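Listed here are the chains, written in short residue letters.
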Amino acid sequence: MLFKSTLVIACGALLLSACISRDGAQAAMNRYPMHDVKLGGPAPGVCQWNEKTGVHYSGIDDATGKPVSGVLCTNVYESNSTIHSDR
């Protein structure tokens, strides 16, 4: 019984650690040419196998002034990021 409880807690911690932190996501979005960025919920299944679970974003493109949206994915250390556009 103790083993099952420990296993469930360990798996839960592992899953939570696979999500991008809000601060990390905001810092990553600041590197892209857009403003009024809003972060949404998690986007499982969008990012590559070696990246954390992404988060949805929306904002305004600096160059065109048009709304943009998609998913932000980062590597495990949140030092590199990529965005996948919805459009």
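Residues numbered from 1 in each chain as written. Predicted model: local features only at pLDDT ≥ 70, side-chain atom pairs only at ≥ 80, totals over all residues. Heavy atoms only, no water.

A.B. asks: Quick question: what am I supposed to make of the confidence of the model for the chain here?
C.D. replies: Caution is warranted with low-pLDDT regions, since their predicted coordinates should not be read in detail. Put simply, the chain has an average pLDDT of 81, and 78% of its residues get 70 or more. Mean pLDDT across the elements of the chain ranges from a minimum in helix α1 (residues 2-17), with 46, to a maximum in strand β2 (residues 54-61), with 95. Throughout residues 6-17 the model reports pLDDT below 50, and contacts reaching past four residues in sequence, or to other chains, amount to one contact. (pLDDT = per-residue confidence, 0-100. Helix = DSSP H or I, 4+ residues; strand = E, 2+ residues; numbered from the N terminus. Contact = heavy atoms within 4.5 Å.)

A.B. asks: So what exactly am I meant to see when it comes to unusual backbone geometry here?
C.D. replies: A negative phi angle is the norm for most residues apart from glycine, just as the trans form is the norm for most peptide bonds. Unusually for a residue other than glycine, D36 sits at a positive phi of about 55°. Along the polypeptide, D36 turns up in strand β1 (residues 34-43). Owing to a relative accessible area of 52%, D36 belongs among the exposed residues under this scheme. Located in the positive-phi region is E78, a residue other than glycine, with phi close to 60°. Assignment of secondary structure puts E78 in the loop between β3 (67-74) and β4 (81-85). (Buried < 20%, exposed > 50% of the residue type's maximum accessible area, 1.4 Å probe, protein only.)

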